[in-house]
Amino acid sequence: MSGFNTLAVHAGQHKDPATGAVIPPIYQTSTFIQDGINVLRAGHEYSRGSNPTRNGFEEQLNALERGAAGFAFASGIAAEDALLRAVLAPGDHIILGSDGYGGTHRLVNNLHRKWGISASTVELTDLTAAAAALRPDTALIWVETPSNPLLKIADLSALASLAREHGALLVVDNTFATPYLQRPLDFGAHAVIHSTTKYIGGHSDVLGGAVIVADYLHRGQSLAEAVGYQQFAGGAVAGPQDCYLAARGLKTLGLRMERHCATALELAHWLQARPEVSRVYYPGLGSHRGHRLAATQQSGFGGIISLQLAGGEHAARTLAQSMEYFQLSVSLGGVESLVCYPREMTHASTIGTAQQIPADLVRLSVGIEEPADLIADLTAGLAAAGCATSSTTSSATGNLPRSAMASA
Ligand SMILES: *Cc1c(COP(=O)(O)O)cnc(C)c1O
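Fair warning: this is a prediction, and the values are worked out from it, not measured in the lab. (Residues numbered from 1 in each chain as written. Predicted model: local features only at pLDDT ≥ 70, side-chain atom pairs only at ≥ 80, totals over all residues. Heavy atoms only, no water.)

A. Highlighting the packing of helix 10 (residues 253-272) against helix 13 (residues 371-387). Interaxial distance between helix 10 and helix 13 falls to 11 Å at its minimum, and their mutual angle equals 35°. Relative to helix 13, helix 10 is oriented so that their crossing is right-handed. The residues of helix 13 that touch helix 10, namely those facing R259, T263, E266, L267, W270 and L271, are P371, L374, I375, L378, T379 and L382. A class-by-class count of the residues in the contact of helix 10 with helix 13 yields eight nonpolar, two polar and two charged. (Axes fitted to C-alpha atoms, helices over the stretch in contact; angles between N-to-C directions. Helix = DSSP H or I, 4+ residues; strand = E, 2+ residues; numbered from the N terminus. Left-handed = near helix turned anticlockwise from the far one by under 90°. Contact = heavy atoms within 4.5 Å. Nonpolar A, V, L, I, M, F, W, Y, C, P; charged D, E, K, R; others polar.)

B. A look at the site of the ligand. In the vicinity of the ligand lie 13 residues, with G76, D173, S195, T197 and K198 positioned nearest. The separation between an oxygen atom of the ligand and a polar main-chain atom of I77 is 2.9 Å. Within the contact set of the ligand, a nitrogen atom lies 2.7 Å away from a side-chain nitrogen or oxygen of D173. Here the ligand, which alone exposes 380 Å², has 95% of that area covered by the protein. With three residues, the single largest contributor to the shell around the ligand is helix 3 (residues 76-87). (Near = heavy atom within 4 Å. Polar contact = N/O pair within 3.5 Å; in protein donor to acceptor, adjacent residues only side chain to side chain. Areas by Shrake-Rupley, 256 points an atom, 1.4 Å probe, with all protein chains shown as cover.)

C. Structural view of the packing of aromatic side chains. As enumerated under the stated definition, the model contains two aromatic pairs in all. An angle of 70° between the planes, with centres 5.0 Å apart, marks the rings of F4 and Y180 as edge-to-face. With F4 in helix 1 (residues 4-10) and Y180 in helix 7 (residues 178-181), this residue pair connects regions lying 176 residues apart in the sequence. A relative accessible area of 15% means that F4 is categorised as buried. (Phe/Tyr/Trp six-rings, centres within 6.5 Å; stacked < 30°, edge-to-face > 60°. Buried < 20%, exposed > 50% of the residue type's maximum accessible area, 1.4 Å probe, protein only.)

D. Geometry of empty space enclosed by the protein. Under the criterion given, the structure shown has four cavities of 30 Å³ or more. The space that makes up the largest cavity amounts to roughly 80 Å³. Forming the boundary of the largest cavity are G97, S98, D99, V122, E123, L124, T125, V143, E144, S147, K152 and A154. Per-class residue counts for the lining of the largest cavity are four nonpolar, four polar and four charged. (1 Å grid on protein atoms, 1.4 Å probe; cavity = no way out; pocket = protein on both sides within 12 Å on 5 of 7 lines; lining within 4 Å. Points joined across faces, edges and corners; volume = space filled by probe spheres on them.)

If you want it as structure tokens, here you go:
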């Protein structure tokens, strides 16, 4: 089978036979002419069911994750919602990792709970805790590794075995690692989900999500059939323009991830040596708790770094708002660097819970700019943060939106 970058460029990208166009056209159409009643010309009837541009992207991503089938959705959350609806039934219990995307917890606890789904939040880096949380009605374990924003590493093979012995599914949110660095299905996971908004799109210009499933029979139906039917009947599909952008981004995923990883490692080492920084979270550092495990299941350590500031909350807020290239924003995984204050931005919904994020923590999404320019930007930001006295109240810079709807 061809290698990663070859598949990324070619899988699902069928040249146009009519014109010879190297890039397949964007099939911006809702419906397809039939040659007779229900005689479909190329298997396409209506774009909610199938669309060549979407199918091309699905095939491309599925090839990279080595799955049985891939499905593209309008957002990462739409993909999560579709997968859960496809495989769960009222009365099911699921286990969610404790450090994870806030929107997943919101989806399950605020929307799916009404339909009879219950959830426990468990520290999934602790296998004893994971095993102890299994109940007779547990149907699914949902894990993010590396996790957001603390970059914790969970053992994919061990969790897959645990799930399989229990007759439950293991779902992995692979948004942070991407298939270039980690392929969860190879470790026994049943399904992978992505926010393709992040590294797969890679240019912060499109929202999208995807589900990739293993060849597996669940409650008498293949996962591919179950998710495919949910996509068609539920209708949260990605449109052709969005699929085109995501597919174009995916072609260069390998190149971008190499650069994200190299620069992030350099910045993590640099940050670790700075007196203004009390702690750096990056799985590529030997000091990271999950470093050795990450090295066994990932081929690189990714582009996200979190850090805690010696100057406390005020220093963290100041750093987040004082850089030129690291712009203050939710989301991640684009070619441009971004900085986020997770406690009140992406993870605002966890304030007051056991999962709340430390007030002195800042998350960096390291872009593909020149490392020297990013270091200069961080130097200036840390100088500003270092001058900030922790006795000043946070109200001076405390006018960030505290929207519980904040995402990414
Ligand atoms: C952003 C994100 C999501 C949600 O995806 P959307 O495209 O914003 O709906 C899910 N999981 C992770 C890890 C994310 O970063």
